[in-house]
Amino acid sequence: MRIVTLGYAMFAVYGLTVFLKYLLLPYLPYAPLELLEHASALLILGGLMTFFVALTRD
């Protein structure tokens, strides 16, 4: 269950990053925020990999 929790946490952090992007848009330049959002998409990949590990474990 810890592995699944870690996967859901990665999805939640990605969602928080996307949410904060729109809050910070008036205060920071667009390019760094867009880069941060796209880089945080690696969290989605990490979350999917943790689910794969959870499914393949005995």
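Whatever comes next refers back to the structure up there.
What you are looking at is a predicted structure, and each value in this text was computed from that prediction instead of being measured.

Thresholds applied
- Residues numbered from 1 in each chain as written.
- Predicted model: local features only at pLDDT ≥ 70, side-chain atom pairs only at ≥ 80, totals over all residues.
- Heavy atoms only, no water.
- Salt bridge = Lys/Arg side-chain N within 4 Å of Asp/Glu carboxyl O.
- Helix = DSSP H or I, 4+ residues; strand = E, 2+ residues; numbered from the N terminus.
- Buried < 20%, exposed > 50% of the residue type's maximum accessible area, 1.4 Å probe, protein only.
- Patch = residues over 30% accessible without salt bridge, like charges linked within 9 Å, V, L, I, M, F, W, Y side chains within 5 Å.
- Areas by Shrake-Rupley, 256 points an atom, 1.4 Å probe, with all protein chains shown as cover.
- Arc of directions from axis to C-beta.
- Contact = heavy atoms within 4.5 Å.
- Phe/Tyr/Trp six-rings, centres within 6.5 Å; stacked < 30°, edge-to-face > 60°.

A. Expanded view of the pattern of salt bridges. Counting across every chain of the model gives 2 salt bridges. A salt bridge links K21 to E34; its shortest N-O distance comes to 2.6 Å. Within this pair, whereas K21 is found in helix α1 (residues 2-24), its partner E34 is found in helix α2 (residues 30-39), the two being separated by 13 residues in sequence. Take K21: its relative accessible area is 5%, and that puts it in the buried class. On the basis of relative accessible area, E34 is assigned to the buried category, the value being 19%. Here E37 and K21 are joined by a salt bridge, their closest N and O atoms 2.7 Å apart. Of this pair, E37 sits in helix α2 while K21 sits in helix α1, and the two are 16 residues apart along the sequence. As far as the burial class goes, E37 and K21 line up, both buried.

B. Geometry of a nonpolar patch on the surface. There is a patch of nonpolar side chains on the surface, built from L16, F19, L20, L23, L24, Y27 and L28 and spanning about 710 Å² of accessible area. Of note, L20 is situated in helix α1.

C. α2, seen in detail. Buried residues of α2: L33, E34 and E37, and no others. Down the axis of α2, the buried side of the element spans an arc of 100°, and every buried residue falls inside it. Turned more than 90 degrees from where α2 packs its buried face, A31 and L35 sit exposed. Along its buried surface, α2 packs onto α1.

D. Main features of the packing of aromatic side chains. Here the structure, examined in full by the defined rule, presents 2 aromatic pairs. Ring geometry for Y8 versus F51: centroids 5.2 Å apart, planes at 75°, classification edge-to-face. You can see Y8 sitting in helix α1 and its partner F51 sitting in helix α3 (residues 42-56), a full 43 residues away along the chain. The exposure class of Y8 is exposed, given its relative accessible area of 54%. When the centroid spacing of 5.7 Å and the interplanar angle of 25° are considered together, the rings of F11 and F51 count as stacked. With F11 in helix α1 and F51 in helix α3, the pair connects residues that are 40 residues apart, well separated along the chain. What links up through ring pairs into an aromatic cluster is the set Y8, F11 and F51.

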